[in-house]
Amino acid sequence: MSEKVALVTGAAAGIGRAISLRLARDGIAIGVLDLDRVAAQKTADEIIAAGGRATALAADISQREPVQRAVAELRETFGPVTIVVNNAGISAYVPFLKLTDEQWDQMLAINLKGTFIVTQTVLPDMVEAQWGRIVNISSSSAQSGAELMAHYSASKGGMIALTKSLAQEFGKHNITCNNIPPRFVMNTVMSEASPWADPKLGARDTIVNSGPIRRQGEPEDIAGACAYLVSDEAGYVTGQTIGVNGGRYI
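Residues numbered from 1 in each chain as written. Predicted model: local features only at pLDDT ≥ 70, side-chain atom pairs only at ≥ 80, totals over all residues. Heavy atoms only, no water.

### Describing the environment of Glu-128
Inclusion rule: Each helix is a run of DSSP H or I of at least 4 residues and each strand a run of E of at least 2, with the numbering of both proceeding from the N terminus.
Here Glu-128 shows up in helix α4 (residues 101-129). Sequence spacing of Glu-128 and Pro-80 is 48 residues, and the spatial spacing of their C-alpha atoms is 9.1 Å.

And the structure:
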């Protein structure tokens, strides 16, 4: 492996963007994948301007063929993919008794099935290289549960279980799989869409003050943990949940 190549999903903004920038800073070539290629290109341009290597990719991760095309494009540009960060996802706030089949299916299709499709697509490269890193960005909602977010919490809980299963199955190939469950990281698409983000409610301050470390989470906090998990130094860490939440969930 003369060069490490990473695929980061949901990388146009927020946590995915921060992870892409950090891994590129560590010398990793980045496939910046998002539903919106124009937005992904902005992240790729930032990386290139800073002296890194990146290419913008577009796919709906819940659909296998677009993912396969995007990964093929990344391989052609930089080579085999030996790091994947499954960050792309959606959230929503719906009372459980009003939750529809369509809402449930969409949540699991993107958050859980999408993680399955992306990981299954890139894993052969890791097995061939006998080295790989998988990082799934789950959610503390999967650990504690969350009001109005049964479908979201369930999808992220599935990601945590998938993480453990992949760690068991692929450890013999020197491939690790871990997950990071953030908690209400500010300045992301999801956090800004949250009903608790409305400054009129004062909930933001309540959230900040509800954990031992009394500041808001930032995308860069998640990126730092991810950079460790994909490094050579983390080669003996697998199947783990690395909570980056200011101690809110212990």
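### A look at the packing of helix α1 (residues 14-25) against helix α2 (residues 37-49)
The condition that has to hold: Fitting a line to C-alpha atoms yields each axis, with helices limited to the stretch in contact; the angle taken between N-to-C directions then spans 0 to 180 degrees. Working rule for angles: under 35 degrees goes down as roughly parallel, over 145 as roughly antiparallel, 65 to 115 as roughly perpendicular, anything else as oblique. For any helix crossing, the convention is left-handed if the near helix is rotated counterclockwise from the far helix by under a right angle, and right-handed if that rotation is clockwise. Contact criterion: two residues are considered in contact whenever any of their non-hydrogen atoms come within 4.5 Å of each other. Each residue is assigned to one of three groups, with Ala, Val, Leu, Ile, Met, Phe, Trp, Tyr, Cys and Pro labelled nonpolar, Asp, Glu, Lys and Arg labelled charged, and all others, Gly among them, labelled polar.
With their axes 10 Å apart at the nearest point, α1 and α2 run at an angle of 25° to one another. With respect to each other, α1 and α2 are oriented roughly parallel. Crossing geometry of α1 relative to α2 is assigned as right-handed. Across the interface between the two elements, Arg-17, Ser-20, Leu-21 and Ala-24 of α1 pack against Thr-43, Glu-46 and Ile-47 of α2. Considering only residue class, the contact of α1 with α2 consists of three nonpolar, two polar and two charged.

### Here we look at α4
Let me state the cut-off plainly: Expected helix span is computed as 1.5 Å times (number of residues minus one). What is called the bend at a residue is the angle between a pair of axes, fitted to the seven residues leading up to and ending at it and to the seven starting from it.
Compared with the 42 Å implied by 1.5 Å per residue over 29 residues, the 41 Å span of α4 between its first and last C-alpha is a close match. Of all the bends in α4, the greatest measures close to 40° and is centred on Ala-109. Note on α4: the residue one or two positions beyond its end, Gln-130, has a positive phi of about 55°.

### What about the UniProt feature "domain: Ketoreductase" (unreviewed entry) in the protein?
As a reminder of what qualifies: UniProt positions are given in the numbering used here, feature names are shortened, and annotations may be inferred rather than shown by experiment.
Mapped onto this structure's residue numbering, the UniProt feature "domain: Ketoreductase" (unreviewed entry) falls at residues 4-183. The distance from the first to the last C-alpha atom of residues 4-183 is 29 Å, and the span holds 52% helix and 18% strand.

### Some details on the sheet that holds strand β4 (residues 83-86)
Worth spelling out the cut-off: Criterion used throughout: strands pair if DSSP finds at least two bridges between them.
Reading across the sheet, the six strands line up as β3-β2-β1-β4-β5-β6 and stay open at both edges, with parallel pairing between neighbours. Unpaired on one side and paired on the other, β3 (54-58) and β6 (175-180) mark the two borders of the sheet. Sheet twist, expressed as the mean angle between neighbouring strand axes with direction ignored, is 15°. Where strand β1 (residues 5-9) lies against strand β2 (residues 29-34), five bridges are found, and the strand directions are parallel. Note on β2: the bridge partner recorded for Val-5 is Ala-29. The sheet contacts of α1 involve β1, β2, β4 and β5 (132-137), and relative to β1 the element is tilted by about 170°. Of the strands in this sheet, β4, β5 and β6 touch helix α6 (residues 150-170), which is tilted by about 160° from β6.

### Examining the packing of α1 against helix α9 (residues 219-229)
The interhelical angle for the contact between α1 and α9, taken along N-to-C directions, is 45°, at an axis separation of 8 Å. Taken together, the axes of α1 and α9 are oblique relative to one another. Once α1 is placed against α9, the crossing between them reads as right-handed. Contact residues: α1 offers Gly-14, Ile-15, Ala-18, Ile-19, Arg-22 and Leu-23, while α9 offers Pro-219, Glu-220, Ile-222, Ala-223, Gly-224, Cys-226 and Ala-227.

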